Amino acid sequence: MNQHVKQKNSNKYIPDWKRIVDLLHLSREIDRLEVEELLPTQQMYYQFSAAGHDVSQLILGGQINHKHDAITGYYRSRPILLNFDVDLDDVIAASILKLGGYSDGRDIGHVFNHASEIGPSALPMAGGVGAQFTPAIGWAQSIVYYRETLGNKEYNEAIAVAHGGEASCATNGFWSALTIATTQNLPIIFYIEDNGYGISTTSDFQTPGENIAANLSSFKNLLILDGDGTDIEQTVELTNEAVTHARSGKGAVLLRLTVPRLSGHSAQDTQAYKSVETIDSENKRDPLKKLKTYLSKGMLDKNIWDQSQLDAKFLVANALKNAQSRNDLDVELLSKFVFSEKDENGEYIAAKMGGLSKLEKPSIDNNVVPDISGARINMVRAIRQTLDVELSLNPKMMIFGEDIGEKGGVHAVTAGLQKKHGRDRVFNTSLSEEGIIGRSVGMAIAGLLPVPEIQFRKYADPACEHLTDIGTLRWRTGNRFAAPMVVRMAGGFFKCGDPWHSQSNEVQFLHAIGWHLAMPSNAQDAVGLLRAALRGNDPVIFFEHRAMLDHVWARKPYPGDDYIIPFGKANLITRGDELTIVTWGAMVERCQAAVQKSEKNVDLIDLRTLSPWDKSAVLDSVKKTSRCIIVHEDNISAGFGAEISATIMSEIFMDLDAPVMRLTMPDIPSPHASFLLDVAVPSVDEITKKINEIIAF
């Protein structure tokens, strides 16, 4: 099926065939080098050839040339990256895991990125198929925001390109991105190169009828272009129409081009699942051969073609020599840039792309002295007021999620913010956590500050792939890219529980490397921690406990528009020398009540943040008291209390006079009936009993 309709086009693309041929030969020679030399000598471990996909990528890539264009790709996207004038030494260094490249050896060489201030960029790709789509949406939405809300005309006609194979069209990310693009009329091209296989699985398992373009023919607000990526003239015409349409502001494009995969999925794939006839048919469609024939008709001299092949061999051999002379990553630097870092002057070491500059961020003066003169307010109002203040100070901050606009969120935290700050800064989203978090990646890399809301903790599960990838982004790119954001999510028990809305499970995010995690217990701490997160330089999970949003105990005076609590700084609620209790979130209130009921002298520590956590405060206290109870709502097995306990046991074991005890929910989901919930969650009476037991030990 070909849904392309010819149009008169004043922006007709005239390919630079010499450049395309040079890049094509470079791409094929790099593939040959990797398969024939680098893999057999174990200088690299994974190889994904782009042969067969390369010509159409290069024709499209020659048109991705705006300063603020960006592409998100996948492991077969290297030819289109070569269009962006990447350093060839870096391309080879990435393959053989040397310094430079895209990650300094931290990531697979084909998992590329390219940060550019003067031309198009390639956002860091993720290893997961389909994970490239919603970050591209975030970039496209950022283009619109810069252009229309901030009035930056530099973004006129800029576009995003999401590049994937046909199997990726079966993923959540693809459908979420498609929904956002077409409902928001975003400047994005979905470029799908269809080779008929997802590794060995044929297209009929991915898409009914094996043609995603045909299936989307009735989709609104989407230009659909469908053709043969080995037909040179058609590829030029279709890619030109796609780019022209996206740049014109008319909305999204889906461009599907069929191409042959002239190798296995990876170099280790023998393609035993393909018949001899199928492989022969694919080889006959080799676009390199078709391009050579096409250009031989007076468009490019044969000598130029032959010399280009020779030049590619020389250039790649020279790049290999240069890359092999580079050093390996110093193992002492292996843990560098898990989080943002500061230089010797105390200034953040900026990523090449991502986050706000020092001049754009509101100041952080570590004002930890709260103003307590005002009336007590609940946590809902405290969070809302902090968001309001920061929106006023930071024009690049955006809040979005399901129902957070006119309704003000299901917990009423964002009530009134859309009316005050506008629909372009506080807006509803489609019902897709994948889309909510995935788009945040592109926004953050574009220099905006996304503040997405997840309605309930468990609803974050569909977004966990992106949550994991966001945390590792700075590390795996060697600080070339960063994606600071603040993800607000509510969770924990309320007047009742249930397995869907009352989950805590904060420990999962402590295994998501690169994230900070805040769990405030009261309104004052919520203000200070949220402001620190919004003015910080790392991704943050900000957990808003449902039981504390309007709890009387959690109400405090608004501490001021500059009040900040540094992450990793615990709060000592009560002081004593008989016992240390370590807790956080909703358990702080219950622990304080238990301490009062027991009439014991207790150091009660509210950690406030779990990543980082205030280890020194805990160890210093336990050294003094020689006893410790850790209380948390999360399940006991592998809960964060186990980490705290292990730290105490390994570092100050000889200071203990009793075993470290944990009091938590058992290993069950949160029950719905209130009387069952009372049994499951540590109660004041249970905590009091445990206090007396361990002091008497």
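Residues numbered from 1 in each chain as written. Predicted model: local features only at pLDDT ≥ 70, side-chain atom pairs only at ≥ 80, totals over all residues. Heavy atoms only, no water.

A. Looking closely at the pairing of strand 19 (residues 602-606). Here strand 19 lies mainly inside the structure; 5 of its 5 residues are buried. Sheet topology places strand 17 (residues 571-574) next to strand 19; 3 bridges connect them, and they run antiparallel. Residue pairing across strands places Thr574 opposite Leu604, the latter belonging to strand 19. Here strand 18 (residues 579-583) pairs with strand 19 via 5 bridges, running parallel. (Buried < 20%, exposed > 50% of the residue type's maximum accessible area, 1.4 Å probe, protein only. Helix = DSSP H or I, 4+ residues; strand = E, 2+ residues; numbered from the N terminus. Pairing = 2+ DSSP bridges.)

B. Representation of the nonpolar core. Counting 80 residues, the largest nonpolar core has Phe174, Ile188, Phe190, Leu254, Leu607, Ile644 and Ile648 as the members making the most contacts within it. With 9 residues, the top contributor of residues to this core is helix 5 (residues 133-149). Ranked by size, the runner-up nonpolar core spans 62 residues in total, among them Trp17, Leu88, Val243 and Leu257. (Core = buried A, V, L, I, M, F, W, Y, C linked by side-chain atoms within 4.5 Å.)

C. Here's a closer look at the side chain of Ser440. Note on placement: Ser440 falls in helix 14 (residues 433-445). If we ignore the near neighbours within four places in the chain, the residues touching Ser440 are Phe400, Pro450, Pro452 and Met485. (Contact = heavy atoms within 4.5 Å.)

D. Representation of the domain arrangement of the protein chain. One can read the domain layout of the protein chain as domain 1 (17-328), domain 2 (376-557) and domain 3 (571-696). Using only C-alpha atoms to locate each centre, domain 2 and domain 3 end up separated by 26 Å. Taken together, the contacts link 27 residues of domain 2 with 27 residues of domain 3. Counting each side, the surface lost to burial between domain 2 and domain 3 is near 2200 Å², with a carbon and sulfur contribution of 59%. It is Phe493, Met519 and Trp553 that lose the most area in domain 2 upon contact with domain 3, and together they represent 25% of the buried surface on that side. Scanning the region where domain 2 abuts domain 3 turns up 1 salt bridge. Its salt-bridge partner being Asp525, residue Arg608 comes within 3.2 Å of it at the nearest N-O pair. The tally of links between domain 2 and domain 3 comes to 17 residue pairs in polar contact (both at pLDDT 80 or more). Those elements that provide at least two residues to the side of domain 2 that touches domain 3 are helix 16 (507-510), strand 14 (516-518) and helix 17 (523-534). It is strand 14 that provides the largest number of residues to the side of domain 2 that touches domain 3, a total of 3 residues. (Domains from an automatic or database assignment. Buried area = accessible area lost by both parts, 1.4 Å probe. Salt bridge = Lys/Arg side-chain N within 4 Å of Asp/Glu carboxyl O. Polar contact = N/O pair within 3.5 Å; in protein donor to acceptor, adjacent residues only side chain to side chain.)

E. Just the pattern of salt bridges, in detail. If you walk through the whole model with that rule in mind, you get 40 salt bridges. Residues Asp306 and Lys302 are paired through a salt bridge, measuring 2.7 Å at the closest nitrogen-oxygen approach. Here the residue Asp306 and the residue Lys302 both occupy positions in helix 11 (residues 302-324), the gap between them amounting to 4 residues, near one helical turn. With a relative accessible area of 54%, Lys302 lands in the exposed category. A single salt-bridge network, built from bridges that share partners, covers Glu29, Arg32, Glu36, Glu37 and Lys313.

F. Summary view of the environment of Ala444. Tracing the backbone through its elements, the reader meets Ala444 in helix 14. Sequence separation between Ala444 and Lys420 is 24 residues, and the spatial gap between their C-alpha atoms is 23 Å. Contact partners of Ala444, with chain neighbours within four places excluded, come to Gly354, Gly355, Pro450, Ala482, Ala483, Pro484 and Met485.

G. View of a nonpolar patch on the surface. Residues Tyr45, Tyr46 and Ile108 make up a contiguous nonpolar surface patch of about 320 Å² in total accessible area. Taking the relative accessible area as the measure of exposure, Tyr46 reaches 44% and is therefore partly exposed. (Patch = residues over 30% accessible without salt bridge, like charges linked within 9 Å, V, L, I, M, F, W, Y side chains within 5 Å. Areas by Shrake-Rupley, 256 points an atom, 1.4 Å probe, with all protein chains shown as cover.)

H. Broad picture of the UniProt feature "domain: Transketolase-like pyrimidine-binding" (unreviewed entry) in the protein chain. Residues annotated by UniProt as "domain: Transketolase-like pyrimidine-binding" (unreviewed entry) correspond here to residues 377-551. Between the first and last C-alpha atoms of residues 377-551 the distance is 10 Å; the span itself is 35% helix and 17% strand. (UniProt positions renumbered as here; feature names shortened; annotations may be inferred.)

I. Region of interest: the sheet that holds strand 10 (residues 397-401). Within the open sheet, the 7 strands sit side by side as 11-10-12-13-15-14-20. Their pairing is mixed. Edge positions in the sheet fall to strand 11 (426-428) and strand 20 (609-611), since each has one partner strand and no second. Across the sheet, the mean angle separating the axes of adjacent strands is 20° when strand polarity is ignored. Both strand 10 and strand 11 contribute to a ladder of 3 bridges, which runs parallel. When the bridges of strand 11 are listed, Phe400 appears paired with Phe427. (Axes fitted to C-alpha atoms, helices over the stretch in contact; angles between N-to-C directions.)

J. View of the packing of aromatic side chains. Following the criterion strictly, the structure yields 14 aromatic pairs and no others. Note on Tyr146 and Tyr155: the rings are 4.4 Å apart at their centroids and 5° apart in plane angle, and the pair reads as stacked. We classify Tyr155 as buried; its relative accessible area is 9%. Measuring from ring centre to ring centre gives 5.3 Å for Phe174 and Trp175, while their planes differ by 85°; the resulting arrangement is edge-to-face. In this structure Phe174 comes out as buried when scored by relative accessible area, which is 0%. Residue class for Trp175 comes out partly exposed when judged on its relative accessible area of 36%. (Phe/Tyr/Trp six-rings, centres within 6.5 Å; stacked < 30°, edge-to-face > 60°.)

K. Molecular detail of the state of the cysteines. Taken as a whole and judged by the stated rule, the model has 0 disulfides. With no disulfide of its own, Cys591 has Cys628 as its nearest cysteine by sulfur position, at a separation of 11 Å. Residue classification places Cys591 among the buried positions, given a relative accessible area of 0%. With relative accessibility at 0%, the residue Cys628 sits in the buried group. (Disulfide = S-S within 2.5 Å.)

L. A look at the environment of Leu39. Its location among the elements puts Leu39 in the loop between helix 1 (17-38) and helix 2 (54-61). For Leu39, a relative accessible area of 17% corresponds to the buried category. C-alpha of Leu39 to C-alpha of Ser95: the two residues are 56 residues apart in sequence and 9.8 Å apart in space. Those residues in contact with Leu39, other than ones at most four positions away along the chain, are Glu34, Met44, Tyr45, Tyr46, Gln47, Ala267 and Gln268.

M. Structural view of the environment of Thr149. Within the secondary structure layout, Thr149 lies in helix 5. Linking Thr149 and Lys396, residues 247 residues apart in sequence, is a C-alpha distance of 9.6 Å. The residues contacting Thr149, other than those within four sequence positions of it, are Val144 and Asp424.

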